[in-house]
Amino acid sequence: MPMNTRPYVWIDALWFQALWWLIALQRDQAGLPVLALLLLHLVLFPQRRLALVSALLLAPLGYLSDVVWVHSQILNFNSVQTIPLWILGLWVGLIWTLQWSLHWLKHLKWYWQALIGALGASTSYYAAAQLGTLQFETSLETSLLWLALVWALLLPSLTYAMSYLERRFSDAQTSIS
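Caption draft 1: Region of interest: the pattern of salt bridges. Overall, the coordinates contain one salt bridge when judged by the stated rule. For Glu166, the salt bridge identified is with Lys106, shortest N-O distance 3.6 Å. With Glu166 in helix 6 (residues 140-169) and Lys106 in the loop between helix 4 (86-99) and helix 5 (110-130), the pair connects residues that are 60 residues apart, well separated along the chain. Relative accessible area serves as the criterion here: at 10%, Glu166 is assigned to the buried category.

Caption draft 2: Quick peek at the nonpolar core. Judged by nonpolar contacts, the single largest core of 50 residues is most densely connected at Leu19, Leu75, Trp91, Ile95, Trp96, Tyr125 and Trp151. The dominant element in this core, judged by the number of residues it contributes, is helix 3 (residues 48-71), at 10 residues. Setting aside its immediate chain neighbours within four residues, Trp151 contacts Trp91, Leu94, Ala114, Gly117, Ala118, Ala121, Tyr125 and Pro156.

Caption draft 3: Molecular detail of the packing of helix 5 against helix 6. Where helix 5 contacts helix 6, the axes come no closer than 7 Å and their chain directions differ by 135°. Classified by the angle their axes make, helix 5 and helix 6 are oblique. For the crossing formed where helix 5 meets helix 6, the hand is right-handed. Where helix 5 approaches helix 6, its residues Trp110, Gln113, Ala114, Ile116, Gly117, Ala118, Ala121, Ser122, Tyr125 and Tyr126 are matched on the opposing element by Leu140, Leu144, Leu147, Ala148, Trp151, Ala152, Leu155, Pro156 and Thr159. Residue classes in the contact of helix 5 with helix 6 are distributed as 15 nonpolar, four polar and no charged.

Caption draft 4: Highlighting unusual backbone geometry. If you check the backbone angles, Gln47 has positive phi at about 65° while not being a glycine. Its identity as a non-glycine residue notwithstanding, Gln73 has a phi of 60°, on the positive side. Note that Gln73 resides in the loop between helix 3 and strand 1 (75-77).

Caption draft 5: Representation of the side chain of Thr159 within the structure. Topologically, Thr159 is positioned in helix 6. Here Thr159 is in contact with Leu98, Leu105, Lys106 and Gln113, once residues within four sequence places are set aside.

Caption draft 6: Looking closely at the packing of aromatic side chains. Inspection of every chain in the model, using the stated rule, returns nine aromatic pairs. A ring pair is formed by Tyr8 and Trp100, whose centres lie 5.3 Å apart and whose planes are at 40°; its orientation type is tilted. Taken together, the residues span a long stretch of sequence, with Tyr8 in helix 1 (residues 6-26) and Trp100 in the loop between helix 4 and helix 5 at a distance of 92 residues. As far as burial versus exposure is concerned, Tyr8 and Trp100 are alike and both buried. Take Trp100: its relative accessible area is 2%, and that puts it in the buried class.

Caption draft 7: Representation of the confidence of the model for the protein in the model. The share of residues in the protein with pLDDT of 70 or more is 94%, and the mean pLDDT across the chain is 92. Across the protein, element-level confidence peaks in helix 5 with a mean pLDDT of 97 and bottoms out in strand 1 with 93.

Rules behind the numbers
Residues numbered from 1 in each chain as written. Predicted model: local features only at pLDDT ≥ 70, side-chain atom pairs only at ≥ 80, totals over all residues. Heavy atoms only, no water. Salt bridge = Lys/Arg side-chain N within 4 Å of Asp/Glu carboxyl O. Helix = DSSP H or I, 4+ residues; strand = E, 2+ residues; numbered from the N terminus. Buried < 20%, exposed > 50% of the residue type's maximum accessible area, 1.4 Å probe, protein only. Core = buried A, V, L, I, M, F, W, Y, C linked by side-chain atoms within 4.5 Å. Contact = heavy atoms within 4.5 Å. Axes fitted to C-alpha atoms, helices over the stretch in contact; angles between N-to-C directions. Parallel < 35°, antiparallel > 145°, perpendicular 65-115°, else oblique. Left-handed = near helix turned anticlockwise from the far one by under 90°. Nonpolar A, V, L, I, M, F, W, Y, C, P; charged D, E, K, R; others polar. Phe/Tyr/Trp six-rings, centres within 6.5 Å; stacked < 30°, edge-to-face > 60°. pLDDT = per-residue confidence, 0-100.

Right, dumping it as structure tokens:
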């Protein structure tokens, strides 16, 4: 009999918000706390093998998208590093939300996923800019347009990839339908 996964969904949503705010407010000082939050997630949540595989395969793709943003002079992170490592921690967290609190996305048509990706990501980057975590190098409209366009492709792709990895690496006892 599969276990009740509902508490994990809510805990994951709160956990990701804590991770996002920690990074947004602490930036370069967030390294060890981010690592601690990632390890806490691994300890508390089932499906560790899926979590590790998805982090190793999908988070670097997201990190690469931020590298492209910086090198394309669309945005920069207000960091001592050109591309800070805490961004990779944020990407791992986002990938894990696709397994838990954002798992519902896999039941949507791709165009709804694209719309959610476009609006959600551009809003998140805008909020991070307002907090001083990053800075847009082009006009606000141009930056948000590029982010929305790329995320309209990225979120459905990541959702599909996570669904594939779930089929390959999930434990049937704790899978979310």
